[in-house]
Amino acid sequence: GTSVLAVAGIALPDRFFDDLRSAGLKVEQTLVFQDHHPFTVRDGARIEEMARIAGVAAIVTTEKDLSRLRPLLPLAVPVATVALTLEVEPADAFRTFIAERLALERSSAA
């Protein structure tokens, strides 16, 4: 039930926000940036201001986004991260697709 500001600069950020809610966090506000967004000092100030206004206990972001936010730390509100995992479904079809593409590239390179 911890109250958080969720920050994401990833593809499909709503999935991330939904996962936080499913984990029991109270997502008071969300802040979305484009995938691979290069965070600036101005972005850091905006994140801090949103967190202050929302009165959250923490800012939650992905490990990927934290790596780009790191130069702006510390922020006025603690920053926590959540690791994202990727699963491809159906896995067998994906493996077949990759194997076929690699074989095609190898044959065209020869």
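Keep in mind the model is a prediction, meaning the values are calculated, not measured.

Here we look at the confidence of the model for the protein
Any segment with low pLDDT has predicted coordinates that should not be analysed in fine detail. Averaged over the protein, the pLDDT score is 94; the fraction of residues at 70 or greater is 100%. When pLDDT is averaged over each element of the protein, strand β1 (residues 3-8) comes out on top at 98 and helix α4 (residues 91-109) at the bottom at 91.

Observations regarding the nonpolar core
L5, V7, F39, I47 and I59 are the most contacted members of the largest nonpolar core, which has 13 residues in total. Among the elements of the structure, β1 and α2 (41-54) are those that each provide at least two residues to this core. Setting aside chain neighbours within four positions, we find I47 in contact with L5, V7, L31, F33, F39, I59, L69 and L75. Among the nonpolar cores identified, the runner-up in size contains 10 residues, and V4, I10, L20 and A58 belong to it.

Considerations on the packing of aromatic side chains
For the coordinates displayed, the defined rule picks out two aromatic pairs. Each ring, one from F16 and one from F17, has its centre 5.9 Å from the other, and the planes form 50°; the classification is tilted. The exposure classification of F16 matches that of F17, with both residues buried. Relative to F39, the ring of F33 lies with its centre 4.9 Å away and its plane at 75°, an arrangement referred to as edge-to-face.

Here is what the cut-offs are and how they apply
Residues numbered from 1 in each chain as written. Predicted model: local features only at pLDDT ≥ 70, side-chain atom pairs only at ≥ 80, totals over all residues. Heavy atoms only, no water. pLDDT = per-residue confidence, 0-100. Helix = DSSP H or I, 4+ residues; strand = E, 2+ residues; numbered from the N terminus. Core = buried A, V, L, I, M, F, W, Y, C linked by side-chain atoms within 4.5 Å. Buried < 20%, exposed > 50% of the residue type's maximum accessible area, 1.4 Å probe, protein only. Contact = heavy atoms within 4.5 Å. Phe/Tyr/Trp six-rings, centres within 6.5 Å; stacked < 30°, edge-to-face > 60°.

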